[in-house]
Amino acid sequence: MSGLTVNPGVAPSSGTVSLPFADNFSETAGSPLGLSANWTETPGSGFTVLTNQVVSPVGVLSDATLTGLSASNEIVSANVNFSASGSQTALVLRYSGPGDSNMYAADAYANGIYLYKNIGGAWTLLGSTTVSATSGTMQFSAIGTTLTVSFNGNEVIQALDSSLTAGSIGMRGYNGGIFSNFNASAPSAPSAVSIPFT
């Protein structure tokens, strides 16, 4: 998770995103993701919008989070493709930065899904599993201290951790990792229950 090269990136945009949020990446093909007011790329990132998808550059680690968002309980999902050699696609929750630090990341690469936390730049593996597909729908949630990762509709990792309590939602990509149909939300509040009282 370290030792990757970076490029100059795009200056952060102004604005604030609220939940629920969805992005089908319909900007002009070839434009940098950071030109959208919805996204803030960390310095050195270089995501590029193609037709309804975002591609991470070869040899460059890229991070992007939803602009101005901070929440405690969060759910994120996206279609990911990590079939290119050495590619990575990660969904990020409770990101507070700066740069490539202080976040939870559900990372898909090399026929596996890995759940990490990053505190002050130090990565710690919280769980992992192998998967047979190198593309599909990944969902990642942080609700209280429970972190859950699903892939193609199946829960594959669950861990408990209280290190990070709030932050933004985003994605990390490397070496041609592809994202599409990005969705972020807060969990639904439980329905109120009436209890008869006499």
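Preceding block: the structure.
Residues numbered from 1 in each chain as written. Predicted model: local features only at pLDDT ≥ 70, side-chain atom pairs only at ≥ 80, totals over all residues. Heavy atoms only, no water.

**Side note on the overall build of the chain**
So the rule is basically this: In this description a helix means any DSSP run of H or I spanning at least four residues, a strand means any run of E spanning at least two, and both kinds are numbered starting from the N terminus. Burial classification: accessible surface area is computed with a 1.4 Å probe over protein chains only, and a residue below 20% of its type maximum counts as buried, one above 50% as exposed, and the rest as partly exposed. Whether two residues are in contact is decided by their heavy atoms, any of which lying within 4.5 Å being enough. Note on areas: these come from Shrake-Rupley sampling with a 1.4 Å probe, and a residue is covered only by the protein chains present in the view.
Within the chain, the regular secondary structure consists of 0 helices and 15 strands. Going through the 198 residues of the chain one by one, you find that 49% of them count as buried. Sequence separation of 24 or more characterises 62% of the internal contacts of the chain that already satisfy a separation of 6 or more. Here the chain has roughly 8,900 Å² of accessible surface; of this, 53% comes from carbon and sulfur atoms.

**Considering the packing of aromatic side chains**
Note the threshold: For Phe, Tyr and Trp, where Trp contributes only its six-membered ring, two rings pair if their centres lie within 6.5 Å, and the inter-plane angle classes them as stacked under 30 degrees, edge-to-face over 60, or tilted in between.
Under the definition given, this model contains 9 aromatic pairs. With 5.8 Å between their ring centres and 80° between their planes, Tyr116 and Trp123 make a pair best called edge-to-face. Judged by relative accessible area, which is 21%, Trp123 ranks as partly exposed. Through successive ring pairs, a cluster of aromatic residues spans Phe21, Phe25, Trp39 and Phe182.

**What to know about unusual backbone geometry**
Residue Pro20 is reached from Leu19 by a cis peptide bond, and omega for that bond is 0°. Along the chain, Pro20 falls in the segment before strand E1 (21–23). In this chain, Gly97 is followed by Pro98 through a cis amide linkage whose omega measures 5°. With respect to the helices and strands, the residue Pro98 is situated in the loop between strand E7 (88–95) and strand E8 (103–109).

**Details of the pattern of salt bridges**
Oppositely charged side chains can pair when the atoms bearing their charge come close. The condition that has to hold: The rule for a salt bridge is simple: a side-chain nitrogen of Lys or Arg has to be within 4 Å of a carboxyl oxygen of Asp or Glu.
Applying the stated criterion to the full structure yields 3 salt bridges. Measuring nitrogen to oxygen at the nearest pair gives 3.0 Å for the salt bridge that ties Arg172 to Asp63. Pair noted here: Arg172 is in strand E14 (residues 168–174) and Asp63 is in strand E5 (residues 62–66), with a separation of 109 residues, a long-range link. What you see here is one network of salt bridges that share partners, running through Asp63, Asp100 and Arg172.

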